[in-house]
There are 2 protein chains.
Amino acid sequence: MCGGIGSRFWPYSRSGMPKQFIDFFGTGRSLLQMTYDRITPLVPRENILVVTNSRYSDLVREQLPDLDPARILLEPDRRNTAPCIAWAAYHIAAIDPEASIIVTPSDHLITNEPVFDQCVNRGFEFIENNDALLTLGIKPTRPETGYGYIQIGREVEPGLLKVKTFTEKPDLELAKVFVESGEFFWNAGIFMWRVGAIKAALHRYLPDLCSEFDKGLDLFGTPGEKEFIDSTFPACPSISIDFAVMEKADNVYVECVDFGWSDLGTWGSLFENSPKNIASNVTQKCNVVAYNSTGNIFMAPDDKLVVVSGMKDFIVADAGDVLLICPKTEEQRIRQMVNDVQQRFDDKYM
Amino acid sequence: MCGGIGSRFWPYSRSGMPKQFIDFFGTGRSLLQMTYDRITPLVPRENILVVTNSRYSDLVREQLPDLDPARILLEPDRRNTAPCIAWAAYHIAAIDPEASIIVTPSDHLITNEPVFDQCVNRGFEFIENNDALLTLGIKPTRPETGYGYIQIGREVEPGLLKVKTFTEKPDLELAKVFVESGEFFWNAGIFMWRVGAIKAALHRYLPDLCSEFDKGLDLFGTPGEKEFIDSTFPACPSISIDFAVMEKADNVYVECVDFGWSDLGTWGSLFENSPKNIASNVTQKCNVVAYNSTGNIFMAPDDKLVVVSGMKDFIVADAGDVLLICPKTEEQRIRQMVNDVQQRFDDKYM
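Source: prediction; values computed, not measured.

Quick notes on the pairing of strand β14 (residues 305–309) of chain A
Residue and element names in this part refer to chain A. Burial runs high along β14: five of the five residues are buried. Here β14 shows a buried face lined by Leu305, Val307 and Ser309 and a second buried face lined by Val306 and Val308. Where strand β12 (residues 287–291) and β14 come together, five bridges link them in parallel fashion. Following the sheet pairing, asparagine 287 is matched in β14 by leucine 305.

In structure tokens form, the structure reads like this:
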């Protein structure tokens, strides 16, 4: 899934160049490319699909030159994850009705890939032997209030459990209780299922969407698919797969995993996941000379010099035409700031 | 005088484009051009000399296109104000040994030009009738610790007094005493004298420099002047006219004036002299969206958007390849920061 716009990472994440296409760590690979690199050992290259917004078609082709362009599904509109996943499921079913699927966002960070590989292989084994909608639950390392949590139920195999409930972003008090209880895991938005299982769930919980898609059943996997989607997709409800399906279905399982994961949803999470210098500052790309400044994250165009004094726990993000300076504690307000900017300047800085 | 590099205004003031050449107020005129505009009603255009460093020759020609290039004196090296003023005096003496001179920095701000005009005309009248080295003393409006002060002595005409002492930058305690006493005025570095008076003083207080210049006496005002200066100037001591002459001579007078003056020596003085918005922020050139931020000065390239939250009394100066973020209270340390940057990156960001 590669169609989001990552507005909390503005001004780096822009509508024309969202977060997943950015080389956030200065490694030479964007988050999308890192995700592709992570998946290719697990899934045959020709079976990898990228679902993205049609405006990012060129970016995906450019960043993934060895991906067959026919494997890029272009959404004509943004409709959150459920219609995206539904389309991919119909597309895959037309090619192989017995397929097993892993669905993954393209803008997350995973630091321990060997463990990730083991978990994914274990998950494939599970969904191939069970009628299951499987989600990966990340062992929480702190009372994070920016994530959704999964409460675990009955264990069916070691590390594989029924899901009891999904809980949206809790407040800090509740998040602390969650983490201490040992019963709650972060919802990473990485899902595994057989194509039949997800199609069945979609028919049950999104019957209107499926009845529309079923009208074009013969077109999926053919040259007529694109035209069909372009006319059908915009009428789909904008809804997440969590809300539409996972929170309702009764065959939802969680694999409890611990492979160093971050959704990189915010500047703070980039800070947490980046190496810090002796003054606990994080520097991306630019040169920094800092006086009496700690706990900041600095990001600026290649080779720019940032000289700071007296800054504590700030985000300083210089994206060329936009400079954002904001306390890390205020990062949840960045989305509102982006709205304010759009209201004042239209799409100029979007 | 147009040869300084204004390092306290880094990163806007750069060795290749110092402060005096910058349009700091977004008016379309640089400080040099504003100075030229201020002087042209008082001094015939053909009598205006610009003394600058040879590397700024093109900048001066470009910014003052109607100044005859022969009126630009190019210093081969930076030697502070005394050698600069001495050269100009020798040059002018060769053209008109009876000339009256006003010497002015090219990077100051004067807000009340009609009063400035009156003061200058009054000053010319005084030096033409007295053997005087005249300096303009600005009525202080606050206990500024960044300026030198002039203590006044006996009044010889209304508003024209003998100078008792010059005092370098005082501490805050002393500055308060100075301002309350009514006896102290800011030393603006604007001087007026007849060419004979300054040459006599230079011979007395800088005899070595004058004996060198005297060797080329026939060359000033001729095509041979440049070569002579290029070989003589670098051996001159680097010394200010205040220290070399004004603090020593006994015919030094001050005209006490009040025409809205700032040396614009620092970001803080630019802040003080700029219009503020409702949140007491100053914005130069860029667009600013500020949350919970007051008392800041923002300067960034044309049309850049600066979004800030939780900043109080900061300088935010984005000069394209360098971004400076520094509390206004730390602005006296900018010079040291520039040194640190030079040490680490050589001349890359100078």
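Read on for the rest.
Remarks on the relation of the copies chain B and chain A
When chain B is brought onto chain A, the operation consists of a screw motion whose angular component is 180° and whose axial shift is 0.0 Å, with 0.1 Å RMSD remaining. The two molecules are tied by a two-fold rotation axis, judged by turn and shift. Within chain B, the C-alpha atom positioned nearest to the axis of rotation is that of glycine 320 of chain B, 4.0 Å from it. A shared binding surface is used by both copies, with 97% of the interface residues of chain B retained as interface residues in chain A.

Describing the packing of aromatic side chains
As enumerated under the stated definition, the model contains 38 aromatic pairs over all chains in all. Here the aromatic rings of phenylalanine 126 of chain A and tyrosine 253 of chain A are separated by 5.3 Å at their centres, their planes lie at 65°, and the arrangement is edge-to-face. One end of the pair, phenylalanine 126 of chain A, is in helix α4 (residues 113–129); the other, tyrosine 253 of chain A, is in strand β9 (residues 252–257), and 127 residues separate them in sequence. By relative accessible area, tyrosine 253 of chain A is classed as buried at 13%. A centroid spacing of 6.2 Å and a plane angle of 50° characterise the contact between tryptophan 186 of chain B and tryptophan 261 of chain B, whose relative ring orientation is tilted. Pair noted here: tryptophan 186 of chain B is in strand β8 (residues 184–194) and tryptophan 261 of chain B is in strand β10 (residues 261–262), with a separation of 75 residues, a long-range link.

Brief notes about the interface of chain B and chain A
Many authors give the size of an interface as the accessible area that is lost as the parts come together. The interface is formed by 35 residues belonging to chain B together with 34 residues belonging to chain A. In total, about 2,800 Å² of surface goes out of reach between chain B and chain A, with carbon and sulfur atoms giving 58% of it. Across the chain B-chain A interface, the total number found is four salt bridges. We note a salt bridge from aspartate 303 of chain A to lysine 348 of chain B, for which the minimum N-O separation is 2.7 Å. For the pair chain B and chain A, the interface holds 24 residue pairs in polar contact (both at pLDDT 80 or more). Contributing elements (two or more residues each) for the side of chain B that touches chain A: β12 (287–291), β14 (305–309), β15 (314–318), β16 (322–327) and α11 (334–345) of chain B. Considered class by class, the residues forming the side of chain B that touches chain A number 21 nonpolar, five polar and nine charged. Judged from the four bridges that link them, strand β16 (residues 322–327) of chain A and β14 of chain B form a sheet pairing that is parallel. The residue bridging valine 322 of chain A from the neighbouring strand is leucine 305 of chain B, located in β14 of chain B.

Overview of the packing of helix α6 (residues 195–205) of chain B against helix α7 (residues 207–215) of chain B
All names here are of chain B. Their axes nearest at 5 Å, the elements α6 and α7 cross at an angle of 115°. Only Pro207, Cys210 and Asp214 of α7 make contact with α6, whose side of the interface consists of Leu202, His203, Arg204 and Tyr205. When its residues are assigned to classes, the contact of α6 with α7 shows four nonpolar, one polar and two charged.

Considering the pairing of strand β2 (residues 72–75) of chain B
All names here are of chain B. With four bridges connecting them, strand β1 (residues 50–53) and β2 associate as parallel partners. The residue bridging threonine 52 from the neighbouring strand is leucine 74, located in β2. Each parallel crossover has a hand, and for β1 linked through helix α2 (residues 57–63) to β2 it is right-handed.

Here we look at the environment of glutamine 336 of chain A
All names here are of chain A. Within the secondary structure, glutamine 336 is located in helix α11 (residues 334–345). When its relative accessible area of 44% is taken as the criterion, glutamine 336 is described as partly exposed. Separated by 328 residues in sequence, glutamine 336 and arginine 8 have C-alpha atoms that sit 9.1 Å apart.

Some points on the sheet that holds strand β11 (residues 282–284) of chain B
Spatially, six strands are ordered β12(A)-β14(A)-β16(B)-β15(B)-β13(B)-β11(B) in an open sheet, and the strand pairing comes out mixed. Each edge of the open sheet carries a strand with a single partner, namely β12 of chain A together with β11 of chain B. Across the sheet, the axes of successive neighbouring strands diverge by a mean angle of 5°, strand direction being ignored. Bridge analysis of β15 of chain B against β16 of chain B gives five bridges, and the strand direction is antiparallel. Bridge pairing in β16 of chain B places alanine 317 of chain B opposite leucine 324 of chain B. The strands touched by α11 of chain B within the sheet are β12 and β14 of chain A together with β15 and β16 of chain B, with β12 of chain A carrying the most contacts at an inclination of about 140°.

Focus: the environment of serine 240 of chain A
All names here are of chain A. With respect to the secondary-structure elements, serine 240 resides in the loop between α8 (225–232) and α9 (241–246). When its relative accessible area of 17% is taken as the criterion, serine 240 is described as buried. Sequence separation between serine 240 and asparagine 80 is 160 residues, and the spatial gap between their C-alpha atoms is 5.4 Å. Excluding residues that lie within four positions of it along the chain, serine 240 makes contacts with Asn80, Thr81 and Ala82.

A few points about unusual backbone geometry
Backbone geometry follows two general trends: most residues other than glycine have a negative phi, and most peptide bonds adopt the trans configuration. Note the cis peptide between tryptophan 10 of chain A and proline 11 of chain A, where omega equals 5°. Here proline 11 of chain A shows up in the segment before α1 (31–39). A positive phi is found at aspartate 313 of chain B, a non-glycine position, where the angle reads about 60°. The topology assignment puts aspartate 313 of chain B in the loop between β14 and β15.

Conventions used here
- Residues numbered from 1 in each chain as written.
- Chains lettered and ligands numbered in written order.
- Predicted model: local features only at pLDDT ≥ 70, side-chain atom pairs only at ≥ 80, totals over all residues.
- Heavy atoms only, no water.
- Buried < 20%, exposed > 50% of the residue type's maximum accessible area, 1.4 Å probe, protein only.
- Helix = DSSP H or I, 4+ residues; strand = E, 2+ residues; numbered from the N terminus.
- Pairing = 2+ DSSP bridges.
- Least-squares fit on C-alpha atoms with pLDDT ≥ 70 in both.
- Contact = heavy atoms within 4.5 Å.
- Phe/Tyr/Trp six-rings, centres within 6.5 Å; stacked < 30°, edge-to-face > 60°.
- Buried area = accessible area lost by both parts, 1.4 Å probe.
- Salt bridge = Lys/Arg side-chain N within 4 Å of Asp/Glu carboxyl O.
- Polar contact = N/O pair within 3.5 Å; in protein donor to acceptor, adjacent residues only side chain to side chain.
- Nonpolar A, V, L, I, M, F, W, Y, C, P; charged D, E, K, R; others polar.
- Axes fitted to C-alpha atoms, helices over the stretch in contact; angles between N-to-C directions.
- Right-handed = clockwise from strand over helix to strand, strands pointing away.

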